[in-house]
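Single-letter residue listing:
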Amino acid sequence: MRTKQVNLLITLVAVALFSFSCFCIYKITQTNNRLINCRNHILEFKENMLHLRNKTEKNSQEMMKVLNRIKYEITKRENLSGNLVAQKADILNKNETVSNTFEDLKFFFPHIRKEGRIYPDVIIGKGKTGVSFALGISTVNRGNYSYLKQTLTSVVSRMTLSEEKDSVVIVSVADSNEDYLHSVVKMITRKFKRQVRSGSLEVISIPAFLYSSMLNAKHLAEASQKLASWQTKQVLDFCILMLYAQPKAKYYLQLEDDIIAKEMYFTKITDFVGNISSNNWFFIEFSMLGFIGKLFRSEDLTHFVRFFLMFYKEKPIDWLLNDIFQVKVCDTGEDLGNCTKRKKQIRIRYKPSLFQHVGIHSSFPGKEQYEKDVYY
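Where an unreviewed UniProt entry is consulted, the protein appears under the name MGAT4 family member D, with the organism given as Rhinopithecus bieti. The protein has a UniProt comment under Subcellular location (unreviewed entry) that states "Golgi apparatus membrane".

Next comes the structure, spelled out in structure tokens:
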């Protein structure tokens, strides 16, 4: 009896051990499957990460290509503006002929008679024409001092959009210093983007060959000779700018690169010109100083320029402006009082002045000037 009980107990223990073994084997198998699944997930995650990294690197390479292209275009444009003096980007069509007034320069300057086309280099410009007003600003390098940005900001910001649309501001760089030309172009293209895009702001450069070697003040020893050369070149600077502006507008307003304009100056000019009853005026002065704020009919500019060129070596341009009235208005032997009276009828002065001279450091090296328009 006891033996049967022992055998039954052994059988139960064996069954229990077998069941436990099976359970353990099942658990181990399940754990292994989980480990395999986990490993597969890890491998899949790793593969996805590698794919993502490769995709990221590819996108990064594409982005770098785009950035490099942008940098290339920017550098290309900067190089174009940096080498502006070497380029001649005039805005005339091939079939168009240059104005005869530029050809007239050959009559006064024998050294350019062998040159072909006489025309300023158009650095920035869209050929805007058919407007009411062209505003001319001639600028040269003043070393460490510059008033051009202040001048342009004053002149441009004090126009309405409709006035800006009906005008063109022309900056003439009358300096052979290529670095200065580049700095002017860089400043204008950054500060006045909208005006440049619309064609309301242009930059031209006067080719060096238009000036004879005698005008190079570096070779002149005496201060008086240098001053005379500077004044002579200034007359030529203004003449070339006036000839360039002539076909663009009905009126031409002469400014300088070291002035500021009054609020609503443009509106006041257009209203005043529109309300003048007589057409018998020669020019209108909107400033009493020098050659600042002088308004001409564009159709008369050729006559003024030819007179200036005949005597450009003799006097500064504002003095020549006075002399032209003596020639045009006064008769030989006429009473001075009668002549002065007729001058006032065709030389109109607007008060108060709309422009003020602010430059202290002259474009003539070493010279300081503190002239102010008392009527401003």
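And the narrative resumes.
(A) Geometry of the overall build of the protein. If you tally the helices and strands in the protein, you get 12 helices and 10 strands. Put simply, the protein has 376 residues, and 41% of those count as buried. Taking as baseline every contact in the protein between residues at least 6 positions apart, the subset at least 24 positions apart corresponds to 74%. For the protein, the computed accessible surface area is about 22400 Å², with 55% contributed by carbon and sulfur atoms.

(B) Representation of the packing of aromatic side chains in the model. According to the stated counting rule, one finds 20 aromatic pairs in the structure shown. With 6.4 Å between their ring centres and 75° between their planes, Phe-283 and Phe-304 make a pair best called edge-to-face. Residue Phe-283 is located in strand β7 (residues 283-285), and its partner Phe-304 is located in helix α10 (residues 301-310); the two are separated by 21 residues in the primary sequence. What makes Phe-283 buried here is its relative accessible area of 0%. Arranged with centres 6.2 Å apart and planes meeting at 40°, the rings of Phe-304 and Phe-308 form a pair that is tilted.

(C) Structural view of the sheet that holds strand β4 (residues 201-205). What the 8 strands build is an open sheet, ordered β1-β4-β3-β2-β5-β8-β7-β9; its pairing is mixed. Each edge of the open sheet is held by one strand with a lone partner, namely β1 (121-124) and β9 (347-349). Neighbour to neighbour, the strand axes of the sheet diverge by 25° on average, direction disregarded. As judged from the 7 bridges shared by strand β2 (residues 131-139) and strand β3 (residues 167-173), these two strands associate in the parallel manner.

(D) A positive patch on the surface, seen in detail. A cluster of basic residues, Lys-126, Lys-186, Arg-190, Lys-193 and Arg-197, forms a positive patch on the protein surface. If you list the elements that add at least two residues to the positive patch, you get α6 (178-191) and α7 (193-198). Tracing the chain through its elements places Lys-193 in helix α7. Lys-193 gets classed as partly exposed once you look at its relative accessible area, which sits at 47%.

(E) How the structure looks around the side chain of Ser-287. Relative to the assigned elements, Ser-287 resides in the loop between β7 and β8 (294-297). On the basis of relative accessible area, Ser-287 is assigned to the buried category, the value being 0%. A polar contact is formed between the side chain of Ser-287 and the backbone nitrogen of Leu-289, at a distance of 3.3 Å. Aside from chain neighbours lying at most four places away, what touches Ser-287 is Ile-292, Gly-293, Lys-294, Ser-353, Phe-355 and Asp-373.

(F) Spotlight on unusual backbone geometry. Residue Pro-352 follows Lys-351 across a cis peptide bond; omega there is 0°. Along the chain, the position of Pro-352 falls in the loop between β9 and β10 (355-357). Residue Met-264 is not a glycine yet carries a positive backbone phi of 60°. Along the chain, Met-264 turns up in the loop between β6 (259-261) and α9 (265-275). Met-264 gets classed as partly exposed once you look at its relative accessible area, which sits at 49%.

Parameters and conventions
- Residues numbered from 1 in each chain as written.
- Predicted model: local features only at pLDDT ≥ 70, side-chain atom pairs only at ≥ 80, totals over all residues.
- Heavy atoms only, no water.
- UniProt positions renumbered as here; feature names shortened; annotations may be inferred.
- Helix = DSSP H or I, 4+ residues; strand = E, 2+ residues; numbered from the N terminus.
- Buried < 20%, exposed > 50% of the residue type's maximum accessible area, 1.4 Å probe, protein only.
- Contact = heavy atoms within 4.5 Å.
- Areas by Shrake-Rupley, 256 points an atom, 1.4 Å probe, with all protein chains shown as cover.
- Phe/Tyr/Trp six-rings, centres within 6.5 Å; stacked < 30°, edge-to-face > 60°.
- Pairing = 2+ DSSP bridges.
- Axes fitted to C-alpha atoms, helices over the stretch in contact; angles between N-to-C directions.
- Patch = residues over 30% accessible without salt bridge, like charges linked within 9 Å, V, L, I, M, F, W, Y side chains within 5 Å.
- Salt bridge = Lys/Arg side-chain N within 4 Å of Asp/Glu carboxyl O.
- Lys, Arg positive; Asp, Glu negative; His and termini not counted.
- Charge placed at Lys NZ, Arg CZ, Asp CG, Glu CD.
- Polar contact = N/O pair within 3.5 Å; in protein donor to acceptor, adjacent residues only side chain to side chain.

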